[in-house]
Amino acid sequence: MRSKGYYSLVRTLLKENIRQGRIPRGTRLYTAAVADRLALSPPPVRRALDQLMEEGVLVLHPQHGYVVGGTTQEAGQPGRENLHLLDLDLSLLESGKSTPLAPRWETILEEVKQGVLRAIPFGTFQISETGICDHFSVSRTVSREVLARLDTQGHVEKSRSSHWIVGPLSARALDETHEMRRLLEPQALMDAASRVDQKRLLAMRQEIEILRRRDDVLTINEIAGAEAALHRELPGGCRNRRMVANVMNLQIAPVVDDLFREHIGVQDESNLLDEHDIVLAHLIRRDSEGAGQALRRHLDLQHQRTRARLKVLSIFDAPNDLPYLTRIH
Amino acid sequence: MSRPRLRVIARREFVPEPLKAEAARALDIDIVFDVVDTLDGLRRVVTAPETFDVYHQWHTIDLIWTSRAIQPIALDRLTCAAALRAISRPPLNALSPPTVTRKLFLQADGELGSAPSGHVSMLPVLRGVDCFAYQPAVRDLIGADVRESWGWLFDDRLRGHVGLLSDPVLGMIEAALATEASRNISFDDIGNLSIEDIDLVADALIQLKKLGHFRGVWSNYEEAARLMQRGALVQSMFTPGATRLRREKLSVIIASPIEGGRGWHSDLCISSATHGKALDAAYAYLNWWAEGWPSACLSRQGYYAFFPERARSYLEQDEWDYWYDGLPAARALPDPFGEPAIPVGHVREGGSCATRMGRVRVWNTFMDEHTYLVRRWREFLEA
């Protein structure tokens, strides 16, 4: 579905509604009216209608628009053309988002961003617009959109020679993101606290307890899982979506921690687990204020650890296997 | 019973052949020395603690502790515990490096700090102050009476005759000293440069390199000596390099620049993976150092024992007078290899140990922005 784009989704939706008789034969379909009825932009609708015409489901009206059925003679009365009067099955479009499918740039943005964040502790890189096109098989437009979004989020910048440049990650960049994160993330957590399912909290605390009791070295994924639950899942329940978007965008430190564990190995993480446990204990007692403070303290302590780890990464040259990133220094 | 085996990683300056031979003789241990001058050694230390027992480190304590590549050293197993404890409350004239005092003792939270405890991260064994060196011909270009200054490294009149060391930690500090002196600015904290400071220094270095200012870069004292033989008139220099050049009759002067020098210390650490007999051997090796013979040996190439009194008993009076008290050499003095290196009557530049160490402006350290620094430094090396 994804690779075909969402005109294909629109085509399927219209075809199904026609088959079920929800859009009767003879209905006059205009691109703009269909787009309005489905709350979509016209281009995919136009493309879907063209395709349905090629398939013989619609015919082109000599004056304007299309007609459902085999011939233009079936075209009904003008009054029938208010599509909002039709009871359509729109379940295909209902994914809770404003657009039925995430646009192409959105799905690769996160992947490119992770690639960038994992590279910048190791130097300065040029990020290639065409490289993104080739790697993800997307158009220049999509590639440009991805870079523009990364630019807005502060992850890339344009050099004087008009190349997109990323990195190197500095201690100051970690300091700056931490400074914002310690304000926003506890705030988001406090807002979300009252709505988190108690069972989920107990399960999270149970998982931390299991990790704390383990004698062997934890895996990178186990720690990353606990960190994602605390720093993404819980604050993600905050109703202020702007704040949540910012909280997610500020999560650079966990990438550094992960890279450190990959290069050096996983160490004793009992401090981290203890700090998690305190946050969860407060949440379980429905003490959101306490949870916020405990989270802030964890972020502060973790920041010092991450900062020290970034210094260790400075002696490594990471292999760069992403074709759209070229090391400059 | 087989003798315990000990694997030591060190730079070549710290383990000359005579020192290795004496270690083999004095200790009932088979010691394998791994001489690594480059970052490879440090990379191996942080990623593979199981491949060594003792790391003779300098200015990397932050990194190796963060990586937990080393284990806490029990003070009650060291013969110099009292001297180490005293580091936590040093008299002012002890000139203790903050890079030792702030990182020495294991704290309750598992990090390093200055509050005394039963365990230390390292055993400091050597210290010194590095400045640049120059050939007398420099005076023809700069002037006979001009005070020695780090600014010489960036001086246009010496274009094509300047050498630097390639290590980013040390190289950036020296380049920062040169930037301050030549541009008449002062950094807020030259031992912890900000991004803007680093950019300023790196931009200056790259510009100079493009103008053909630098003769070359070096990564160990032997390369440093060769670079000067090949025509660098002024360059960074490790004391053993200068000692080597003097032995080979090249006239070289170690500067005592008006801005002060770059201080350093080196320390012994024990691998986090070492245990059992190898751990006992590691403590024996540390205590052998603490006792004074090795630092006395290296005093003959211009280093100072971290605790000088312990080295003193292994030095002749005239050696002590020359190396530590800044007095004229009463006779031709040998280097660590037993070769005559210091001619009769020579006086060490900069004076006594206390005077020279008192002129430390900045200590070697991995700065907070090292990750940024090292990328800019590489840009300079590749320019």
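What counts, and where the lines are drawn
- Residues numbered from 1 in each chain as written.
- Chains lettered and ligands numbered in written order.
- Predicted model: local features only at pLDDT ≥ 70, side-chain atom pairs only at ≥ 80, totals over all residues.
- Heavy atoms only, no water.
- Helix = DSSP H or I, 4+ residues; strand = E, 2+ residues; numbered from the N terminus.
- Rg over C-alpha atoms; globule rule 2.2 N^0.38 Å.
- Buried < 20%, exposed > 50% of the residue type's maximum accessible area, 1.4 Å probe, protein only.
- Contact = heavy atoms within 4.5 Å.
- Polar contact = N/O pair within 3.5 Å; in protein donor to acceptor, adjacent residues only side chain to side chain.
- Pairing = 2+ DSSP bridges.
- Domains from an automatic or database assignment.
- Buried area = accessible area lost by both parts, 1.4 Å probe.
- Salt bridge = Lys/Arg side-chain N within 4 Å of Asp/Glu carboxyl O.
- Expected span 1.5 Å × (residues − 1).
- 1 Å grid on protein atoms, 1.4 Å probe; cavity = no way out; pocket = protein on both sides within 12 Å on 5 of 7 lines; lining within 4 Å.
- Points joined across faces, edges and corners; volume = space filled by probe spheres on them.
- Nonpolar A, V, L, I, M, F, W, Y, C, P; charged D, E, K, R; others polar.

Undergrad: Describe the overall build of chain B, with residues and values.
TA: The secondary structure content of chain B amounts to 16 helices and 19 strands. Whereas a compact globule of 383 residues would reach a radius of gyration of roughly 21 Å, chain B reaches 20 Å, a difference of no more than 12%. For chain B, the spread of C-alpha atoms along the principal axes amounts to about 65 × 50 × 40 Å. With 383 residues in all, chain B has 60% of them scored as buried. For chain B, the share of sequence-separated contacts (at least 6 apart) that also reach a separation of at least 24 residues comes to 69%.

Undergrad: Let's hear about the side chain of Ser299 of chain B: which residues, and what values?
TA: All names here are of chain B. Structurally, Ser299 is set in helix H12 (residues 293-299). At a separation of 2.7 Å, a polar atom in the side chain of Ser299 contacts the side chain of Tyr324. If near-sequence neighbours (up to four positions away) are discounted, Ser299 is found in contact with Ala305, Leu315, Trp323 and Tyr324.

Undergrad: Can you explain the sheet that holds strand E1 (residues 28-29) of chain A? Please cite residues and give values.
TA: As summarised here, the arrangement of the 3 strands in space is E1-E3-E2 (chain A), forming an open sheet in which the pairing is antiparallel. Each edge of the open sheet carries a strand with a single partner, namely E1 and strand E2 (58-60) of chain A.

Undergrad: Describe the domain arrangement of chain A, listing the residues and the values that go with them.
TA: Residues and elements named next belong to chain A. The assigned domain composition of chain A is domain 1 (2-93), domain 2 (104-169 + 317-327) and domain 3 (171-313). Once you take the C-alpha centre of each, domain 2 and domain 3 turn out to be 26 Å apart. Summed over both sides, the interface of domain 2 with domain 3 buries roughly 1000 Å², with 64% coming from carbon and sulfur. The largest share of the area that domain 2 buries against domain 3 comes from Arg118, Phe122 and Leu169, three residues that together contribute 53% of it. Counting across the domain 2 and domain 3 interface gives 1 salt bridge.

Undergrad: Explain helix H9 (residues 220-233) of chain A to me, and be specific about the residues and the numbers.
TA: Residues and elements named next belong to chain A. Look at H9: 18 Å from first C-alpha to last across 14 residues, which is about the 20 Å you get at 1.5 Å a residue. Those residues of H9 lying buried are Ile223, Ala226, Glu227, Ala229, Leu230 and His231. Buried residues along H9 sit in contact with helix H7 (171-193), helix H8 (198-213), helix H10 (241-249), helix H11 (253-264), helix H12 (270-284) and helix H13 (288-313).

Undergrad: Describe empty space enclosed by the protein, naming the residues involved and giving the relevant values.
TA: Residues and elements named next belong to chain A. Across all of its chains, the model carries 9 cavities of 30 Å³ or more by this definition. Taken together, 14 residues make up the lining of the largest cavity; nearest its centre are His178, Arg181, Ala253, Leu299 and His303. When residues of the lining of the largest cavity are traced back to their parent elements, those giving at least two are H7, H9, H11 and H13.

Undergrad: Lay out the sheet that holds strand E5 (residues 157-158) of chain A with the relevant residues and their values.
TA: What the 4 strands build is an open sheet, ordered E5-E6-E4-E7 (chain A); its pairing is antiparallel. Of all strands in the sheet, those with a lone pairing partner are E5 and strand E7 (325-327) of chain A, marking the two edges.

Undergrad: With reference to specific residues and values, describe the interface of chain A and chain B.
TA: Between chain A and chain B, the contact holds 27 residues from the first and 26 residues from the second. The contact between chain A and chain B buries some 2200 Å² in all, and 54% of this surface belongs to carbon and sulfur atoms. Contact with chain B buries surface across chain A, with Lys311, Ile315 and His329 of chain A losing the most and accounting together for 33% of the total. Broken down by element, the side of chain A that touches chain B gets its largest block of residues, 7 residues, from H13 of chain A. For the side of chain A that touches chain B, the class distribution of residues is 14 nonpolar, 7 polar and 6 charged.

Undergrad: Can you break down unusual backbone geometry residue by residue, with the values?
TA: Between Gly167 of chain A and Pro168 of chain A the backbone carries a cis peptide bond, its omega angle lying at 0°. Mapped onto the secondary structure, Pro168 of chain A falls in the loop between strand E6 (164-166) and H7. Despite not being glycine, His59 of chain B has its phi angle at roughly 50°, a positive value. Mapped onto the secondary structure, His59 of chain B falls in the loop between strand E3 (54-57) and helix H3 (61-66). The backbone of Lys249 of chain B shows a phi angle near 65°, a positive value even though the residue is not glycine. Tracing the chain through its elements places Lys249 of chain B in the loop between helix H10 (239-247) and strand E14 (253-254).

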